[in-house]
Amino acid sequence: MQDKILDFLKRKQGYISGEEISHHLKISRQALWKHIHQLKEAGYGITAVPHLGYQLVSSPDRLFASEIMHKLHTKFIGKKVYYFDEVASTMDIAIHLGIKGEPEGTLVVAETQNKGRGRLGRSWSSPKYKGIYLSLILRPKLSPQATSILTLLTAVSICEAVKEIIGLEAKIKWPNDILLGSKKLGGILTELTAETDEVRFVVIGIGLNVNNTKNSLVAGGTSLKEAKGENLNRAELLQEILRRIEYNYATLQEKAKLDIIEKWRSFNTTLGKRVKVICQRHQLEGQAIDIDSDGGLLVRKDSGLTEKIMSGDVVYCR
Ligand code: BTN
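A.B. asks: Just give me the short version of the site of the ligand, but keep the residues and values in it.
C.D. replies: Taken together, 19 residues lie around the ligand, and Ser89, Gln113, Arg117, Arg119 and Lys184 are the ones closest in. Within the side chain of Thr90, one N or O atom sits 3.0 Å away from a nitrogen atom of the ligand. Contact distances for the ligand include 2.7 Å between a nitrogen atom and a backbone N or O atom of Arg117. Considering the ligand on its own, with 420 Å² of exposed area, one finds that the protein chains cover 98% of that surface. Applying the majority rule of atoms within 2 Å of the grid points places the ligand in the largest pocket. Elements that contribute at least two residues to the shell around the ligand include exactly α5 (90-99), β5 (132-138), β8 (183-195) and β9 (198-208). The element contributing the most residues to the shell around the ligand is β8, with four residues. Looking at the shell around the ligand residue by residue, the classes come out as seven nonpolar, nine polar and three charged.

Written out as structure tokens, the structure is:
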């Protein structure tokens, strides 16, 4: 009900009488008063003037479901949002929801994670109210081997959204690091649940440093606030990321995988560089020459042989 009240207040400008809201939402004036009180406690600035009614004057910097869903206008991404003040990891919750059969597009968002995880067993620092920490459930018709394209697609969507909303040129380091200059702005973690050769669902995890100040950033990290010098609206950026993912995902479903790869190439900083790639069992050095249609990185070694890497850590040599 509080979401509906907020939606109503946001759509109208100026004061709206309590009578009009109660009538529209079919609740008593007393129930309305209680909800307004709870919204104020959650941080919404709502002024109440006798004979005029209520007016929304400010919204808190929180990624509440209502803030994400208001004017999102996507077809399926973010139609269901699970919001948490604190969790261990949004990935665990999304995986649990995926197993329970929650639909494609379901989103899990948290203000902080006390066990946020990154790739290759690393942790993901998630200071409260500073970043975007989300996990998204997708149910693509892809084989497990083909799902790495989703990581590339998400990286592209983040760069597009950062450009559109913040006006900064974020770049991608293969496979999934989002960079501003040479520093890490965000990362993507893709986990999948599959049965033999069929994907049941994929969870895309996104961690993005938005309003982090220097003291809440890990070494080698940066944030949008550091680059812009001002606090940014996380909800607005998050909405644009979701819109872009939906658009690019539709492109992928239309069998236009090469369009995604082409976009990825335009944002990447890896191709053409001399790289050292640290994989699980071995490491190699050479020239990053391209990515193939599965999203694998092609590295030409000094011997002249080209090796395809599906997962690993890339270090730029010079
Ligand atoms: C990486 O660069 O290693 C990937 C980082 C992914 C972090 C996000 S934050 C939201 C989601 N929940 C997690 O525990 N991890 C991902």
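A.B. asks: Explain the packing of aromatic side chains to me, using residue names and the numbers behind them.
C.D. replies: For the structure shown, the criterion picks out three aromatic pairs. For the ring pair Phe64 and Tyr83, a centre distance of 5.0 Å and an interplane angle of 70° mean the geometry is edge-to-face. Placement of Phe64 in the loop between β2 (53-58) and α4 (65-69) and of Tyr83 in strand β3 (residues 81-87) is noted, with a sequence separation of 19 residues between them. Classification of Phe64 by relative accessible area gives buried; the value is 18%. In this structure Tyr83 comes out as partly exposed when scored by relative accessible area, which is 23%. Each residue in the set Tyr44, Phe64 and Tyr83 is aromatic and connected to the rest through ring pairs, giving one cluster. We note Arg62 situated over the ring of Tyr129; from NZ or CZ to the ring centre the distance is 3.5 Å. Geometry around Tyr316 places Lys273 over its ring, the cationic atom sitting 4.6 Å from the centre.

A.B. asks: Give a description of the pattern of salt bridges that names residues and reports values.
C.D. replies: If charged atoms from side chains of opposite charge come close, those side chains can pair. Summed over all chains, the structure comprises 28 salt bridges. Sharing partners across several salt bridges, the network here consists of Glu160, Glu164, Glu240, Arg243, Arg244 and Lys263.

Here is what the cut-offs are and how they apply
Residues numbered from 1 in each chain as written. Predicted model: local features only at pLDDT ≥ 70, side-chain atom pairs only at ≥ 80, totals over all residues. Heavy atoms only, no water. Near = heavy atom within 4 Å. Polar contact = N/O pair within 3.5 Å; in protein donor to acceptor, adjacent residues only side chain to side chain. Areas by Shrake-Rupley, 256 points an atom, 1.4 Å probe, with all protein chains shown as cover. 1 Å grid on protein atoms, 1.4 Å probe; cavity = no way out; pocket = protein on both sides within 12 Å on 5 of 7 lines; lining within 4 Å. Sits in = over half its atoms within 2 Å of the grid points. Helix = DSSP H or I, 4+ residues; strand = E, 2+ residues; numbered from the N terminus. Nonpolar A, V, L, I, M, F, W, Y, C, P; charged D, E, K, R; others polar. Phe/Tyr/Trp six-rings, centres within 6.5 Å; stacked < 30°, edge-to-face > 60°. Buried < 20%, exposed > 50% of the residue type's maximum accessible area, 1.4 Å probe, protein only. Lys NZ or Arg CZ within 6 Å of the ring centre and 35° of its normal. Salt bridge = Lys/Arg side-chain N within 4 Å of Asp/Glu carboxyl O.

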